[in-house]
Amino acid sequence: MLDSPKSSKSSALSAKGSVKKLKIKEETKAKGSAKGKRKQLGKKDEEVDISMASMGHPEIFPLVFTGKTQEILNCRINEDITEEKPYKLLKKEDIIQDMKTRAAVSDFHPVKKIVLEYPGEELLIVLDSEFKYGQNFYLVATEEAKESFLNPPEAEEEEADTKEGTTEEYVYKPPVRKPWVSLGSEKEIEEESVNESLRKIKYMISRVRREFGSKVKFTDRNASSVKDGYIECTSYQDKNFIIKKLEKDVGAQVIPKVKEMSTQTKWTYPRNAATQYFPREFSDEEKELCLSSEDLKEFIISVFLRVEIALQQNEIMNAFFDDWKALAEDESAFGGKSDAYLKEYQSFTDLHYLKHRTVSCVCWHPTIYGIIAVSVTERLSYEERIAQSGKLLLRKSPILFWSFSDPIHPQLMLECPEDVYCFEFCPSDPNIIAGGCMNGQVVLWDISEYEEKLQNAKTGAGGSKNTAVNMPTFIQAQQSGKEPHFVRYCAVSSIEYGHKTVITDIHWLPDYFEVNRMGIAFENRIGVCVQLITCSPDCSILFWDLRAPKPTIQSSFEKAKEEKAIEAPPDVPTTFKHLDLSWRPLIKANLSKSDTSGDYSPTKISLVEEHFHYRMQDKMQYQIKPEIFGDENPYKQLRGPSAKALKILENIPTNFFVGTEDGEVIYSDWKMERESDSGRLISQKPANKYTIHDGVVRTIQRSPFFKDIILSVGGWNFAIWKEGVTSGPILQSCCSSKRYTVGHWSLSRAGVFFIGREDGNIDIWDLLEKTHEPSQTQNISISMITCIKPWIVSSKQHFLAISDNFGTLHILEISWTLSHPSSNERASVDHYFEREVKHLDYFEKRQEFRAKERRELELETQRKKTRVAGGQKSREQMEEQLNINYADFLDEEKKILTGLGLLKATDRFA
């Protein structure tokens, strides 16, 4: 039955016959298709039936018309089709053309077969605005239904109208009993029902009548003590039952592997706690009762023998001796790898004085245990330092003295006129300190008044010994409220005559010789260190003398200026008052380049006689008789250079190694020469120059065991040199993955040295173990390593101080393996260096031989090319022969002049 605005009950009755015929046909067709489907299960399924046969309208097929389809067929809703006229006739040719053009995309594709088999020329589509059949349109698939929809019968409509006007009486008709006709549904019910296929097992449990209602008592017993006390039911495969899986539902989903892990750090924090107790004692009556009891006597008699045996064993051997621990100590003592790392001992930092600053130099106190001094500078580039020069004048970086007893508060601070880049304790008197500033000035301090404070630093903050309770040092410092003492400098050099840029290295000359303005070494009768040497990238090396200069005739203006000079504060020592602001260098040496007119820019310097290299027996060989100053500080009684003729020391070497900003290593002499034309003193030109490093030379240092072995570190590699070998380094490392920043020899092992890197790691090199790579690498910090300084406390305790770019000072304890040499280690390392020198000489000779072979081969090739008939030489051959003869003449002339002493023998590879 079709629904439309024009249809009514009369039209429905008139079309009843035709609809019934269509319905019967569709039902028969559906039954036939259902039977065919049952018979042909394995065949391909037919098209999906989308008709409304289930609702009693098999001639209706609901369709979805998209906007594109509505535009193509001119059946747009509310324009071409409205509620007043909700249908439209479409030509069959247009629908077939749309299906051909759009193929499976066409909205008529689900009813393609119906459209092609339709007998008429026009098909009826009807708008389903209420979605009665599930879509927005539906198709009328038969001519009879189309005619009944378009032309409903009028008579039936009138009869229907009349019947609607009159009410009919309802007559009850009782249902008539009819026989049941089977349509095959009972078979489906039997197939779907579940029948029990397994035979049920029946068990009968019985009990004796007299045991009914009796109490049950459970006890524990061992199952293995009684035969058949337990039955083990293990799984097994029964061959009588085989279950075949016909169908199995399995679901799988890929998900990422997730693993939950957690960690928890135990949070420990100091907490104030107190407790009070008193002894609980027996009364006299209880004591008598206890001593006279029989239980006590029996107990003593029972344990008497065992206690006696235990006391005898304790007298014979130590029952608490740990054999395993002793075994591990023996293994590490013989070089076990379990004790081959640097162990963290302590670290120092300060949030106030070290904020945004980096440690530039570290020095251990020579005589006081656990005292170490560090100098800090602002962590700024050259351009940033210039831009913030005004602020830096108000915020100067001090030198801080740290103590092992107080890792939080510095014990002493030295006031500086400018940021100090390097400093060093005086070998003769550790209370005298010399430092080099960023502006090129040299500064002197005298901390004699605070020596006792540093020695008593281990007693607590402020040196207080009368503490009632052993409180931590930082709590004592907070209670005392004492800040570290600021010590003002005694003297600073003249900025006009000093260095023009930062002083990058400073050294004290040993106390057994001194130099004059010519650079000649004389005996030092005072017996204390009185001279310094500094270097700076301003192309100069300066020598400084701590003694007062010879008095000169002063003008009236200078005398008036001295009278008006402001006296030093009372707390500032007057040890070097005569040098303050008027201190001038004794010698100024420049390292001139031989090939150009410029000068080299030194950054580090290494002297043959350094204060941590020489021993007491080295002093005695010069037979120097020092003057006697008594108990007072000898530096307070220094006067001008002695007017007496001093003995010249010929055996004091005046050569030194220098590292430059451009990565060169230079070997030169500090003795001065007089210029032949003007007569003024000039520096000698460097004897040798080598370009090995590809960056600034950060370290150049002599070995504590071999005075002629030098370590240089700079850029991405390091090199080991031997003084006297002019052909180059005897050992050169390959380029590292990170830039090297500092290096230092070990003070206890001849073949070990430490190198710091910019990534915060320390490379430990052992030449007796490996020479192509470090023996081990250990991480110390997350920032760049700036300084390394070892220190030997005793034969069992060796420390290594390492500072980083964030201002933190790390103290590490060197393990037994890295601090204790083998019995013949020094001889083995010396033999290794000698072997490398021989290899270098052999390599040099082979290079000369190969170069000579190449020249001869080139000459022979040239002769063959320019050979002229008749045996005559060509012009090119004659010029080549003349050049060879001239070169031989120059070599012969050089040998003669050298033999006569008119020309110094210089290295041809320089």
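Below is a summary of the structure that appears in this document.

What counts and what doesn't
- Residue indices follow the written sequence of each chain, beginning from 1 at its first position.
- Side-chain atom pairs in this predicted model are given and counted only at pLDDT of 80 or more, local residue features only at pLDDT of at least 70, and totals for whole chains, interfaces and linings cover all residues.
- Just so you know, side-chain values use all the structure's heavy atoms and leave hydrogens and water out.
- The secondary structure listing takes helices from DSSP runs of H or I that are at least 4 residues long and strands from runs of E that are at least 2 residues long, numbered from the N terminus.
- By nonpolar core we mean a set of buried residues, namely Ala, Val, Leu, Ile, Met, Phe, Trp, Tyr and Cys, connected to one another through side-chain atoms within 4.5 Å.
- Summary of the burial criterion: residues with accessible area below 20% of their type's maximum are buried, those above 50% are exposed, and those between are partly exposed, where the area comes from a 1.4 Å probe applied to protein chains only.
- Strands pair, by our definition, only if DSSP identifies at least two bridges between them.
- Here an axis means a line fitted to C-alpha atoms, over the contact stretch when the element is a helix, while the angle between two N-to-C directions is reported on a 0 to 180 degree scale.
- Salt bridge, as applied in this entry: a Lys or Arg side-chain nitrogen positioned within 4 Å of an Asp or Glu carboxyl oxygen.
- Patch building starts from residues that exceed 30% relative accessible area and form no salt bridge, then joins like charges within 9 Å and nonpolar side chains (Val, Leu, Ile, Met, Phe, Trp, Tyr) within 5 Å.
- Surface accessibility in these figures is a Shrake-Rupley result with a 1.4 Å probe; residues are shielded only by whichever protein chains are displayed.

## Describing unusual backbone geometry
Part 1 of the reasoning: Non-glycine residue N78 carries a positive phi angle of around 65°.
Part 2 of the reasoning: Tracing the backbone through its elements, the reader meets N78 in the loop between α3 (67-73) and β2 (87-91).
Part 3 of the reasoning: Its identity is not glycine, yet C539 carries a phi of approximately 70°, on the positive side.
Part 4 of the reasoning: By the secondary structure assignment, C539 is in the loop between β18 (531-536) and β19 (540-545).

## Some details on the nonpolar core
For soluble globular proteins, the rule of thumb is that nonpolar side chains tend to be buried together.
Part 1 of the reasoning: The biggest cluster of nonpolar side chains holds 24 residues, and the ones touching the most others in it are I399, F401, L414, F423 and W445.
Part 2 of the reasoning: Where this core is concerned, the elements lending two or more residues are β6 (357-364), β7 (371-378), β8 (399-403), β9 (412-414), β10 (420-425), β11 (432-437) and β12 (442-446).
Part 3 of the reasoning: The element best represented in this core is β10, accounting for 3 residues.

## Re the sheet that holds β19
Part 1 of the reasoning: As summarised here, the arrangement of the 4 strands in space is β15-β18-β19-β20, forming an open sheet in which the pairing is antiparallel. Edge positions in the sheet fall to β15 (505-508) and β20 (587-590), since each of these pairs with one other strand and no more. Within the sheet, the average angular offset between the axes of one strand and its neighbour, ignoring direction, is 15°.
Part 2 of the reasoning: By the bridge criterion, 4 bridges tie β19 to β20 in an arrangement that is antiparallel. Paired with F543 across the strands is I587, a residue of β20.

## Digging into the sheet that holds β7
Part 1 of the reasoning: The 5 strands lie next to each other as β6-β7-β8-β9-β13, forming an open sheet whose pairing is mixed. Across the chains shown, the open sheet's two edge strands, defined by having one partner strand only, are β6 and β13 (485-487). Pairwise comparison of adjacent strand axes, ignoring direction, gives a mean angle of 25° for this sheet.
Part 2 of the reasoning: In the sheet, β8 pairs with β9 via 3 bridges, with the strands oriented antiparallel. Counted as the bridge partner of L400 is M413 from β9.

## Some remarks on the pattern of salt bridges
Part 1 of the reasoning: Scanning the entire structure with this criterion turns up 19 salt bridges.
Part 2 of the reasoning: The shortest N-O distance in the salt bridge between R76 and D80 comes to 3.7 Å.
Part 3 of the reasoning: Under the relative-accessibility criterion, D80 is labelled partly exposed at 30%.
Part 4 of the reasoning: In this structure, K146 engages E143 in a salt bridge whose closest nitrogen and oxygen atoms are separated by 3.3 Å. With a gap of 3 residues between them, K146 and E143 both fall in helix α6 (residues 143-150), about one helical turn apart.
Part 5 of the reasoning: Exposure remark for K146: the relative accessible area of 7% places this residue in the buried category.
Part 6 of the reasoning: Within this structure, R76, E79 and D80 form a network of salt bridges that share partners.

## Looking at a nonpolar patch on the surface
Part 1 of the reasoning: On the surface, F304, L305 and I309 cluster together to form a nonpolar patch covering roughly 320 Å² of accessible area.
Part 2 of the reasoning: Mapped onto the elements of the fold, F304 is located in helix α10 (residues 294-316).

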